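Commentary on secondary and tertiary structure
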Amino acid sequence: MKKLLPIICISIFALTACNDAFLQKVPLASVSDADFFKTASDISMYANQFYAQLDPPNLNFRSGPDNNSDNQAPANRFSRSWNEYVLPATGGGWGKGDWLPIRRCNYALVRIAAMEQTSEVLKNSAEIRFFRAYFYFKKVKDFGDVPWIEKDLQTNSEELNAPRDSRKVVFDNILKDLDFAIANLPEESAQGRLTKYAALTFKAEACLFEGTFRKYHGLGDFEAVLKAGANAAESVINSGKFSLYNTGNPDKDYFDLFVQYELKGNPEAILIQRFIKGLHTHDEVRQLGEQQTGYTVDFVQSYLCQDGLPISLSPLYKGDQEFTDAFVNRDPRMKQSIYANDRPYRIYQDGQTEYRDLPEFDRNYCTTSYWVTKGYSPFEADRIQGQCDIDRFVFRYGRLLVTYAELKAEIGECTQEVLDKSINLLRDRVNMPHLTVDVGFVDPDWPDWEVPVSPLINEIRRERRIETCSEGIRFDDILRWKAGKRLEDPLTYKGARDPKNNNEYRVVYPGFTRIWDDKNYLLPIPSQEIALNPNLEQNPGWK
């Protein structure tokens, strides 16, 4: 049973709504001048509003980012990955509301600067600096170059007509904010707030994206960024404070990790979202039961067999002519991520159990017959609308380990020692053979990347795809690797074999062929924003 710790429940979650209401009732200009930013606790209370804006846990269904990628095929085509995104007149990630979190951070930081810089003030100020970095990083991912602003703007501020700053300038400032957060945040937080290790983990992830984006898109200046990310990840690993959740059951542990009602104290939890009955709950399990998406056959084929070989080379592979054959002798994470016929789909409160007879194809349930089961609880109590209290990760140690391995590989420092303290720990959890630096095979089905990579990086990318599926990062990976052309492979939008159609792979979008356009690596700036500020230049391909 979860303890209803008031300081956690109220300060991080409940007061988020209260704080929004407060900001709506009292103009920002009057909050601090007379009543606020007098003590360190004022800063902490102000920061509460940002916790709810960390990446939400419901990333693996319906509108989740992975639906843009080669991993999933949702019921409706996603406009960006299908080159159907239309240049907006307003909004589009650049509207007033989209920049509001950054303005709120700047508003606080300007006023915090006038306070006495005690250790508590510095600690709580570090939270605001973390969140500014977090929100700005999203802007860099979406638009590339963006204006870097450090003060709260008014209607007459000159910065409203400023040009975009280079993404490199902006990212340098993001790293300054993160380094300040790392230096001033505590190593632990009993209240579940940000810590030094959460900031280090985010720095590693941000550096991986930015460093590889620069590398594969030919922007230069990537080496120092990748090294900074590797050092950040290594700091978390060497702290000894985290490890993988592992009870010694390779056929259950990975699945069980994502359906925990209490992640506080879990060794893999770097930062989590806690959910508590009657106070803070979600609807993800119910929606996963009617997910309106599904894994693609391309994703399913990427799982290794239990001998550590790909399906193109392993004698253990049974093919996929029969739906259940595809699961035989595969990496145990496959059956713990993708629904198989022998797993309960629903367990009713009276004890009755329901199974699904696959393959089946239903746009309202699963488009491909490869159901997303990672994070899905079959218990009926968890399907009650808006009442699920399964906790979710914000930053997870297992994901950090694959990030670390990739960072080291990209700077040519991925030794066997690195693999053994990262990817091979993940493989140990599911009793899979270790990855070696020489890989030991050439997979004829490795993706035809636009920018070729080594066998080792190919396998690290495979491991990242498997370990982090349905965690909302695969499309980001496609973008940073300059791998949009991968989405043109028809297997990236096909499902399981359909017995009603000559046992051919299910075509999710009959009559449509996906063509990638490189302009979609970045989003466009809305046309009205450019009209209002002629100093803004449009992203390539969107004029």
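Quick caveat, the model's predicted, so the values are computed rather than measured.

With that out of the way, let us pick up empty space enclosed by the protein. According to the stated counting rule, one finds 2 cavities of 30 Å³ or more in the structure shown. The space that makes up the largest cavity amounts to roughly 40 Å³. In terms of lining residues, the largest cavity is bounded by Asn-67, Gln-72, Ala-73, Pro-74, Arg-77, Phe-78, Ser-81, Trp-82, Thr-492, Tyr-493, Tyr-509 and Arg-514. Split into classes, the residues belonging to the lining of the largest cavity amount to 6 nonpolar, 4 polar and 2 charged. Surrounding the second largest cavity, Asp-66, Asn-71, Arg-464, Arg-465, Thr-468, Cys-469, Ser-470, Ile-473, Arg-474 and Asp-477 form its lining.

Turning next to helix α5 (residues 119–143). Taking 1.5 Å per residue as the helical rise, α5 with its 25 residues ought to reach 36 Å, and the 36 Å between its terminal C-alpha atoms agrees with that figure. The buried fraction of α5 amounts to 19 of the 25 residues, a majority that puts the element mostly inside the structure. Phi turns positive one or two residues past the end of α5, at Gly-144, with a value near 80°.

We now examine the side chain of Asp-382. With respect to the helices and strands, Asp-382 occurs in the loop between β3 (353–354) and β4 (392–396). Despite its burial, Asp-382 pairs with no opposite charge, the nearest such side chain being Lys-277 at 5.1 Å. Reaching out from Asp-382, the side chain makes a polar contact with the side chain of Tyr-261 at a distance of 2.5 Å. Sequence-distant contacts of Asp-382, defined by excluding residues within four places in its chain, comprise Tyr-261, Val-285, Arg-286, Ser-377, Cys-388, Asp-389 and Ile-390.

What follows is about the nonpolar core. By size, the foremost hydrophobic cluster in this structure holds 100 residues, and its most contacted members are Ile-128, Phe-130 and Ile-174. If we skip the residues at most four places from it in the chain, Ile-128 touches Ile-43, Tyr-46, Ala-47, Phe-50, Cys-105, Ala-108, Leu-109 and Ile-112. Tyr-295, Ala-326, Tyr-345 and Ile-390 belong to the second largest nonpolar core, which has 41 residues in total.

For the coordinates displayed, the defined rule picks out 43 aromatic pairs. For Arg-343, the ring lying beneath its charged end belongs to Phe-255, and the centroid distance is 4.1 Å. One residue, Lys-519, lies across the ring of Trp-542, its end atom 4.3 Å from the ring centre.

On to helix α3 (residues 40–51), then. Compared with the 16 Å implied by 1.5 Å per residue over 12 residues, the 17 Å span of α3 between its first and last C-alpha is a close match. Among the residues of α3, those classed as buried are Ala-40, Asp-42, Ile-43, Ser-44, Tyr-46, Ala-47, Asn-48, Gln-49, Phe-50 and Tyr-51.

This part covers the confidence of the model for the protein chain. Per-residue confidence for the protein chain averages 92 on the pLDDT scale, and 92% of its residues sit at or above 70. Taken together, the stretch residues 3–30 has pLDDT below 50 and engages in 48 contacts with residues farther than four places along the chain or on a different chain.

On to the pairing of strand β5 (residues 494–498), then. The side chains of a regular strand alternate, first on one face of the sheet and then on the other. Among the 5 residues that make up β5, 4 are buried, leaving the element largely enclosed by the rest of the structure. One ladder, built from 3 bridges, connects β5 with strand β6 (residues 504–507); its direction is antiparallel. Counterpart to Lys-494 in the pairing with β6 is Val-507. Counting the residues between successive antiparallel strands, the hairpin from β5 to β6 contains 5 residues, one of them, Asn-502, with a positive phi of roughly 60°.

We now examine the pairing of strand β1 (residues 269–273). Burial analysis of β1 places 5 of its 5 residues in the buried class, which makes it a mostly covered element. Note: β1 against β4, 4 bridges, orientation antiparallel. Within β4, the residue paired with Ala-269 across the bridge is Arg-396.

Residue Pro-359 is bonded to the preceding Leu-358 through a cis peptide linkage, with omega at 10°. Mapping Pro-359 onto the fold places it in the loop between β3 and β4. One non-glycine residue, Phe-37, lies in the positive phi region at around 55°. Mapped onto the fold, Phe-37 is located in the loop between α2 (28–35) and α3.

Criteria and thresholds
- Residues numbered from 1 in each chain as written.
- Predicted model: local features only at pLDDT ≥ 70, side-chain atom pairs only at ≥ 80, totals over all residues.
- Heavy atoms only, no water.
- 1 Å grid on protein atoms, 1.4 Å probe; cavity = no way out; pocket = protein on both sides within 12 Å on 5 of 7 lines; lining within 4 Å.
- Points joined across faces, edges and corners; volume = space filled by probe spheres on them.
- Nonpolar A, V, L, I, M, F, W, Y, C, P; charged D, E, K, R; others polar.
- Helix = DSSP H or I, 4+ residues; strand = E, 2+ residues; numbered from the N terminus.
- Expected span 1.5 Å × (residues − 1).
- Buried < 20%, exposed > 50% of the residue type's maximum accessible area, 1.4 Å probe, protein only.
- Lys, Arg positive; Asp, Glu negative; His and termini not counted.
- Salt bridge = Lys/Arg side-chain N within 4 Å of Asp/Glu carboxyl O.
- Polar contact = N/O pair within 3.5 Å; in protein donor to acceptor, adjacent residues only side chain to side chain.
- Contact = heavy atoms within 4.5 Å.
- Core = buried A, V, L, I, M, F, W, Y, C linked by side-chain atoms within 4.5 Å.
- Phe/Tyr/Trp six-rings, centres within 6.5 Å; stacked < 30°, edge-to-face > 60°.
- Lys NZ or Arg CZ within 6 Å of the ring centre and 35° of its normal.
- pLDDT = per-residue confidence, 0-100.
- Pairing = 2+ DSSP bridges.

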